[in-house]
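# Overview (structure and organization)
This is what each chain is made of:
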Amino acid sequence: MAKKKHPEIKNVVDIRQEHIQEWINDRGKNWSLRTLENHMTKIKYLEEQAKKVFGRDNVNFYNKDYEKPKTKESTRNVAFSKDDLNRLKESMKNSRSFAKEAVEITARCGLRIDEVAHLKREDININDKEIFVSREGAKNGKARTVPIRDKDISYFKELLEKYPTNGYFTKSDAKSISKSIRRYMDKTQDREGVLLSKKYKKTTDHAIRKLYATERMKELR
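On a predicted model such as this, the values are computed, not experimentally measured, just so you know. (Residues numbered from 1 in each chain as written. Predicted model: local features only at pLDDT ≥ 70, side-chain atom pairs only at ≥ 80, totals over all residues. Heavy atoms only, no water.)

### Regarding the sheet that holds strand β2 (residues 130-133)
Rule in force here: Note on pairing: DSSP must find at least two bridges between two strands before they are called paired. Put simply, DSSP H or I for four residues or longer makes a helix, DSSP E for two residues or longer makes a strand, and each gets a number counted from the N terminus.
Ordered by their spatial adjacency, 3 strands build an open sheet running β1-β2-β3, and the pairing between neighbours is antiparallel. Either end of the sheet is taken by a strand with one partner, and the two such strands are β1 (124-125) and β3 (144-147). Taken together, the 4 bridges between β2 and β3 define a ladder with antiparallel strand orientation. By the bridge assignment, Ile131 is partnered in β3 with Val146.

Here you go:
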């Protein structure tokens, strides 16, 4: 964006604080505050590295007192209620889509939909009670392992029995899985008769993962 609007910027030393502020104003309206802060941390780091190369007096584009634009409301703080999740599961019980399994796995282990889409049968280790999340679907490409709770062991045993061949559980990508889940949310109501798709606007797996995180915090206290 900076290069298009400011052709005078040829190198990092040409960037000024007003350019960063303009970029923040343009992009920040579509971010949560946390995302905005993460970007500013990266900009600060970029400036520090640039000063090492070009000299401290030649680089000055980070400003800790930048003007924060009004960001979008964060959807990451919205958690599915247990009752709503059960209603969604009930609605999906006869579905042959892997989206049904994706909801279960996300709710039981906190995996992102993209991580579920890249999950392989051999990634589930019942003996060690853990799931390996490969770099393929992991956020920022960082592999990790997540625990399987004792109460979820039976579910994952059944899952392995249902899919006896090693390799990916599904050929569906994350986008297709998410769309399928949203379709069921479009026809599933909460106790008050509100559609889940209306209640949890613009959020699906984040809200389910938030519920999982809340449960884990209570368990680990």
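Now that the structure has been shown, we can carry on.
### Notes on the side chain of Ser134
Keep this limit in mind: For each residue, the accessible area found with a 1.4 Å probe, counting protein chains only, is set against the maximum for its type, and the residue is called buried under 20%, exposed over 50%, and partly exposed in between. In this analysis, two residues are considered to be in contact whenever any of their non-hydrogen atoms come within 4.5 Å of each other.
Take Ser134: it is sitting in the loop between β2 and β3. Owing to a relative accessible area of 16%, Ser134 belongs among the buried residues under this scheme. Apart from the residues lying within four places of it in its own chain, the contact partners of Ser134 are His118 and Ala143.

### Quick word on the environment of Arg135
With respect to the element layout, Arg135 can be found in the loop between β2 and β3. The sequence separation of Arg135 and Lys157 amounts to 22 residues, and the corresponding C-alpha distance is 24 Å. If sequence neighbours within four positions are ignored, Arg135 has contacts with Gly141, Lys142 and Ala143.

### Notes on the nonpolar core
Short version of the rule: To define a nonpolar core, start from buried Ala, Val, Leu, Ile, Met, Phe, Trp, Tyr and Cys residues and group those joined through side-chain atoms within 4.5 Å.
Counting 39 residues, the largest nonpolar core has Phe80, Leu88, Ile105, Ile124, Phe156 and Ile181 as its most contacted members. Among the elements of the structure, α4 (82-92), α5 (99-109), α6 (113-117), β2, α7 (153-162), α8 (174-185) and α10 (205-220) are those that each provide at least two residues to this core. Ranked by the residues each element gives to this core, the list is headed by α5, at 6 residues. Setting aside chain neighbours within four positions, we find Ile181 in contact with Leu88, Met92, Ala99, Val103, Ile113 and Thr204. One finds Ile20, Met40, Ile43 and Phe61 within the second-largest nonpolar core, a separate group that totals 13 residues.

### What about the pairing of β2?
Every second residue of β2 is oriented toward a common face, the buried set being Ile131 and Val133 and the non-buried set Glu130 and Phe132. One ladder, built from 2 bridges, connects β1 with β2; its direction is antiparallel. Paired with Asn125 across the strands is Glu130, a residue of β2. Linkage of β1 to β2, two consecutive antiparallel strands, is achieved through a turn of 4 residues, within which Lys129 is found at a positive phi near 55°.

### As for the packing of α4 against α8
Using the following cut-off: Working convention: axes come from line fits to C-alpha atoms, limited for helices to the stretch in contact. Angles between N-to-C directions cover 0 to 180 degrees. In what follows, roughly perpendicular refers to angles from 65 to 115 degrees, roughly parallel to angles under 35, roughly antiparallel to angles over 145, and oblique to any angle outside these ranges. In this classification, the charged set is Asp, Glu, Lys and Arg, the nonpolar set is Ala, Val, Leu, Ile, Met, Phe, Trp, Tyr, Cys and Pro, and all remaining amino acids, among them Gly, are polar.
Across the interface, α4 lies against α8 with an axial gap of 9 Å and an inter-helix angle of 100°. It follows from the interaxial angle that α4 and α8 lie roughly perpendicular. Facing Leu88, Ser91 and Met92 of α4, the residues of α8 in contact are Ile181, Tyr184 and Met185. In terms of residue class, the contact of α4 with α8 is built from 5 nonpolar, 1 polar and no charged.

### A few points about unusual backbone geometry
In this structure, Lys129 takes a positive phi of about 55° despite not being glycine. Within the fold, Lys129 resides in the loop between β1 and β2.

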